[in-house]
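# Understanding the architecture of this molecule
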Amino acid sequence: MPTTVVVGLQWGDEGKGKMVHNLSESATAVARFSGGANAGHTVRLGDSDLVLHQVPTGLVHPGVRAFVGTGCVLDPIALSEELQSLAEAGINVGDRLRISSKVHLVHPVYRALEEMEEKKRGGGAIGTTLRAIGPTYVEKFSRRGIRLEDAACESAFREAVRAQTERGLDILDLPADRCSEIRRRSELFTDLSLDLVELAGDVSLDLMEILENGGLVMAEGAQGTLLDPDHGTYPYVTCGSCVSGAASISLGIGPASIDEVVGVVKAYCSRVGAGPFPTELKDETGDMLREKGHEYGATTGRPRRCGWLDGVLLRYASRLNGCHWLALTMLDVLSGFDPLRVCTRYELDPESDVPLFETGKRLGKHRPVFEDLPGWEDDIAGTTSWDDLPEQARRYVLRIEELVGVPVRAISTGPAQNDLIWRSA
Ligand code: IMP
């Protein structure tokens, strides 16, 4: 009964979309277990890219079933747009998508509440994606949230949504035209949520049936370990759990049914939004990484901050997730950078060495200690064999394995599905 969990080990944007797309070809089901419309999972279909936000990446394979777990937050308006773009890309969703009836819904007034919160934070703003992820989880844990199953009873649902709209508008104190716009979107939200009831179900039950029948389930994480609200760089984090353990909670499958955890790692680091980033490059090299790696947010289009690979961070993230193996992505982007720098430990002020990865306020003050590795000139884009990689590239990969203590089994060398090197166990 195998379940494989795929998680990001940095600050998101590691290339999970491509890896899940690859690994799920022979899966029975792919299940998203965290986040919502803040995510942007890119898959290459032919010559064009498709960005998925809320639905599991496995949907692009005909015949693979897709689930959205209870631990996600669902924006029905954004979902309807996403399903439309899937239809335009020729992907027939049919009855393959099932959403947990217990999932919390992103009410349109939450976006305005998040904008207000971010504004109030001033220089300390989190730099969220403004997809109202935070406010939805806040409502959930305040035990005032709206769940998809509530829409099964139309009159009570309409009343609950209306009450939520007015409660939000009271807090916001917006001009009349914005209030009317939010009320209009709340109506749309209500209608679309009512339509979604037919997709709602017991994800836990469905997945257990699949597993008992010998099926393969791929649990698709969102964001990255360092954005996890418990284990990430709090308060500069998202609100949905990003670590592998969350798959069990969100999907309602016992921890013992998880067999394998795959950590996706970008060959360098990037981060969008505010917060500490010890190996950040605020210079021309950082700009080059951004341009070569097309490091602009798949959801918001924001330029990503870029920096060298952080081995301390990776070791920490791999331990938290219990990774069995790593998929290394974007290795081709590093062609032409020489030397390549990898952070192997931190120094906090000169007097105290910090061997452990800390996520609190001191992290921003750590000085990364780098090891230099030789780079390579040859363009390795599209390479599919380990032996065809330049020796320096192989050394870089082997050093990552050593630093993390986990094997690198897959190496992505370009955006296309087949730009991938598989290494045997
Ligand atoms: P939120 O998830 O919109 O609340 O944003 C909180 C933090 O997580 C911000 O720094 C965002 O930029 C970051 N974030 C959220 N989703 C993603 C993602 O899919 N990739 C990378 N960063 C993300």
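Coordinates for the structure precede this section.
A brief report on the enclosed structure follows.

Reading guide: rules and limits
- Residues numbered from 1 in each chain as written.
- Predicted model: local features only at pLDDT ≥ 70, side-chain atom pairs only at ≥ 80, totals over all residues.
- Heavy atoms only, no water.
- Buried < 20%, exposed > 50% of the residue type's maximum accessible area, 1.4 Å probe, protein only.
- Helix = DSSP H or I, 4+ residues; strand = E, 2+ residues; numbered from the N terminus.
- Contact = heavy atoms within 4.5 Å.
- Polar contact = N/O pair within 3.5 Å; in protein donor to acceptor, adjacent residues only side chain to side chain.
- Near = heavy atom within 4 Å.
- Areas by Shrake-Rupley, 256 points an atom, 1.4 Å probe, with all protein chains shown as cover.
- Core = buried A, V, L, I, M, F, W, Y, C linked by side-chain atoms within 4.5 Å.

Quick look at helix H10 (residues 311-321) now. Because each turn of an α-helix spans 3.6 residues, side chains separated by three or four positions in sequence point in the same direction. Most of H10 is tucked away: 8 of the 11 residues are buried. What H10 keeps buried is the set Gly 311, Val 312, Leu 313, Leu 314, Tyr 316, Ala 317, Ser 318 and Asn 321. Contacts from the buried residues of H10 go to strand E1 (3-8), strand E11 (260-266), strand E14 (309-310), strand E16 (340-348) and helix H11 (391-404). For H10, the side-chain oxygen to backbone nitrogen distance between the N-cap and Val 312 is 3.1 Å, and the N-cap itself is Asp 310.

The immediate surroundings of the ligand are formed by 15 residues, with Asp 13, Asn 38, Thr 129, Thr 238 and Arg 302 found nearest. Measuring from a nitrogen atom of the ligand, one finds a side-chain N or O atom of Asp 13 at 3.1 Å. Note that an oxygen atom of the ligand is positioned 3.4 Å from one of the backbone N or O atoms of Gly 127. If the ligand stood free it would expose 470 Å²; the protein chains cover 97% of that surface.

Where a protein is soluble and globular, its nonpolar side chains tend to be buried together. Core analysis: the largest hydrophobic core is formed by 64 residues, its most contacted members being Leu 207, Leu 326, Leu 331, Leu 334, Tyr 396 and Ile 400. With 6 residues, the top contributor of residues to this core is H11. Judged by nonpolar contacts, the second largest core, of 29 residues, contains Leu 52, Leu 74, Ile 99 and Ala 151.

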